[in-house]
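# A look at the structure
Single-letter residue listing:
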Amino acid sequence: MFDVHEMEVNFGPQHPSTHGVLRVLLKIDGERIIEAKPIIGYLHRGTEKLFEHMAYPQCIPHTDRMDYVASATNNLGFVEAVEKILGVTKLIPRRAQILRVILSELQRISSHLLWLATHAIDIGAMTPFFYCFREREQILDLFEAYCGARLTLNCMRIGGMPEDAPHGWLDEIEAFCAKFDAAVDEYESLLTTNRIWKRRTVGIGVLSPEDAIEWGITGPPLRGSGVEWDLRRAQPYECYPELEFDIPIGRNGDTYDRYLCRMAEMRQSNRILKQCIPLIKQTTPGDLKAKISKVIRPPEGEVYHSIEAPKGELGYYIVSDGKTQNAYRCHVRPPSFVNLQALPMLAKGHLVSDLVALIGTIDIVLGEVDR
Amino acid sequence: MNTPLMHYLVWPLVKFLIAFIIVQVLVAAMNWIERRLLGLFQARLGPNRVGYKGLLQIIADPVKFLLKEDIVPASAEKVAYFLGPILPLIPAFIVFCLIPFGPPPTFTVTRVNVGLLLILALTSTGVYGIILGGWASNNKYSLMGGLRSAAQMVSYEVPFGLSIVGVLMICGSLDLVTIVRYQETNAWNFLPQIVACFIFLVAMNAENNRTPFDLPEAESELVAGYHTEYSAMKFAFFMLAEFSMMIVNSCLMVTLFFGGWTLGMFGIGLTTDVLRHMGMFGGILGTLIFVTKVMLFMLIYVWFRATFPRFRFDQLMDLGWKWMIPLALGNIFVTAIFILAGQERLMYWIGIVSIGLAAMYLFKPKPKRAAAPGKVAHAS
């Protein structure tokens, strides 16, 4: 008579807090999650296939559209992978390298700001959203001043950079950096010690370091579990070896630690930016392009190159047949896609309210998950 | 002129209508104030396009709701679906008959000697509409919102009611007018009943499903909770009921703990007698004082909304049953001891000391965070 069975709820793809078109098929008992199954593919655009049909430089704008809130790092990963298969990594002028680092650290801050904004609003704190967007807007203005675009930057080229820093741009970044630490303090004053915030995040979605490594989790979720792994240190690229920065790690691997990690990372990125400004001022203006062939036809072979994107390890695997100007095969290893795999494990046994916190803490961008 | 008909029916009706209109204007104004104030909190402007500083938004919003298409889901349980938004509205309006806005008899619609009980009884029926609406929408999110709301409102009804008991014990009456009159000759009740006042503040936020207790309509979890499937005027009815209940609870807060329409303690200041000496003007002044106090508490709602994240459902229940109810019972116990000893006035010191401690905590200089934190993100 009383047929007890769990309720099935479709969480998304149209839902305010799935950060896009993620669909999670939930089996819930009351509010407790028995099973959470992410269903993806609603934003699939065949980016990898497209890469096979266009010349390497033409691919760069398409990389923008994967993680569309962190396009500079997407560009960086791709151009570095192509440079690696061309064997011209060492030829990139120093000014271009520093400029790339500046752009990707600005991008890291803006991506983390967007993460914090949405994560906080998912957990119900409304105000940090607007504070984060206030600072993010300034970063987007800086991007606009550099390349004219605010989101899909298309700001890097194989073999160097397309533009030099515009007049006064570096001073604007310096001014931004000077104020940014205080802004992070402001966000933290609203959340870090807030009792409700802690109750919503401490002990939620605990990810052990072993699990994290086995699932291939990278980026802040991995570091939140206490594993000191940052590709900027582990496999240094560009001018990162010269820069001083710490890798913030957590202890318990819960949502709160991942939050703390990302907050500390924003401060560290700011620290990197502050170091970059004097470095770039020492270099010759206009020295941005390596002397490489205009026609990019890499030798036969394959290469995998990965960088530390804001969300984790962003890798490009390129196979070249040595005959054409486009890749024979290009595979992208997007951090969000891999990190999202942990969601069913993390969500199991938690409440529906925690699911939104977990989706937030993994920090996914569906453009990158589905590609 | 002063026939029983006039006395018991016509005048109360006229006064109720006036109070009703004033409250509805307040509700509409509150909508604008809330959005404007949230804007200020959140480093943005808020509505500022329609009319001077966006003031015409007050009119524009209802007009928009009236003109919008009223969508009824095909699979909805029609009767219950229609009843859903109306049920919470009725008690929210009736309650205004019982609230003393100014010095009686002119500025109080009706004076009932069990006024407080009647208000509690009426306000607690509001939850039916929400459950019914959530269930009738035939939507899983709405259902969960309705269920959450039911559990929450029933749970917080208990500390809500218990926190009032201390006031009743001190004042010895359920009549709101008597409670206010007691407060002007003694201290306002928030001093001896600071714990109850705090519980009441928390419970009234929970009762109204406001942040940090806005789980029933938690946007990020349940889309919009029980009113997900409601549109146009039906949705507006839900909002109207919610804002009206917010005003009712603020009115109760002011009446029970903050001296109602008076602006004086220990018989000094603008007490009822002083106001009565001023005639009609005094009455209006008293009402203005009352409304100002109510609006201050409405601002606290907004302030909370701008500050706090949202509780989780089990934590909310935890807070209600494990903290609020024992605290309220303890408060009753302590109050009873003081009353038995005949030393009610000693309780003022509880309030003064608590406020002092809170102020000390608030104005304590905060340790400055290091500019570049170490390797481990953990502070401790």
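All chains use their own residue numbering, which begins from 1 and follows the written sequence. Going through the entries in the order they are written, you letter the chains from A and number the ligands from 1. Totals for whole chains, interfaces and linings use all residues, but because this is a predicted model, local features are given only for residues with pLDDT of at least 70 and pairs of side-chain atoms are given and counted only at 80 or more.

Moving on: the overall build of chain A. Helix and strand counts for chain A come out as 15 helices and 6 strands. Its C-alpha atoms give chain A a radius of gyration of 21 Å, within 12% of the compact-globule value 21 Å for 371 residues. By its C-alpha atoms, chain A is 80 × 50 × 35 Å across when sized along the principal axes. Counts of 20 or more other C-beta atoms within 10 Å of a residue's own C-beta define buried residues, counts of 12 or fewer define exposed ones, and intermediate counts define partly exposed ones; C-beta atoms are placed from the backbone. Looking at chain A as a whole, 54% of its 371 residues are labelled buried. We call two residues in contact when the distance between their C-beta atoms, placed using the backbone, is within 7 Å. A sequence separation of at least 24 residues applies to 70% of the contacts in chain A between residues at least 6 apart. Secondary structure follows DSSP: runs of H or I at least 4 residues long count as helices, runs of E at least 2 residues long count as strands, and numbering of each begins at the N terminus. We compute the radius of gyration from the C-alpha atoms alone; for a globule the expected value is 2.2 Å times N to the 0.38, where N is the number of residues.

Before going further, it helps to examine the interface of chain B and chain A. Of the residues lining the interface, 32 residues belong to chain B; the matching set on chain A comes to 40 residues. Only α10 (219-222), α13 (280-307) and α14 (313-340) of chain B provide two or more residues apiece to the side of chain B that touches chain A. Across the side of chain B that touches chain A, the residue classes tally to 15 nonpolar, 7 polar and 10 charged. Amino acids outside the nonpolar list (Ala, Val, Leu, Ile, Met, Phe, Trp, Tyr, Cys, Pro) and the charged list (Asp, Glu, Lys, Arg) are all regarded as polar, and Gly is one of them.

All names here are of chain A. Lines fitted to the C-alpha atoms define the axes, with helices restricted to the stretch that makes contact. Angles between their N-to-C directions range from 0 to 180 degrees. Running from N to C, helix α2 (residues 56-64) and helix α3 (residues 71-86) cross one another at 155 degrees; their axes reach a closest spacing of 8 Å. Our classification of the angle between α2 and α3 gives roughly antiparallel. In this structure, α2 meets α3 at a crossing whose hand is right-handed. In contact with Tyr56, Cys59, Ile60, Thr63 and Asp64 of α2, α3 contributes Ser71, Asn74, Asn75, Phe78, Val79 and Val82. Each angle receives one of four descriptions, namely roughly parallel if under 35 degrees, roughly antiparallel if over 145, roughly perpendicular if within 65 to 115, and oblique otherwise. Here a crossing is called left-handed whenever its near helix is offset anticlockwise from the far helix by less than a right angle, and right-handed whenever the offset is clockwise.

Summarising the element assignment, A:Gln235 is placed in the loop between α10 (231-234) and α11 (255-282). Put simply, A:Gln235 and A:Leu140 are 95 residues apart on the chain and 28 Å apart in space, counted from C-alpha to C-alpha.

Time to look at the sheet that holds strand β3 (residues 32-39) of chain A. Residues and elements named next belong to chain A. Each pair of strands is called paired provided DSSP finds at least two bridges between the two strands. Across the sheet, which stays open at both edges, the 3 strands sit in the order β1-β2-β3 with antiparallel pairing between neighbours. Each edge of the sheet is formed by a strand with only one pairing partner; in this case those strands are β1 (7-11) and β3. The mean inter-strand angle of the sheet, taken between neighbouring strand axes irrespective of direction, is 20 degrees. When β1 meets strand β2 (residues 23-29), the two strands line up antiparallel, connected through 5 bridges. If you follow methionine 7 over to β2, its bridge partner there is isoleucine 28. Its contacts with the sheet place helix α14 (residues 352-362) against β1, β2 and β3, and it is angled at close to 35 degrees to β3.

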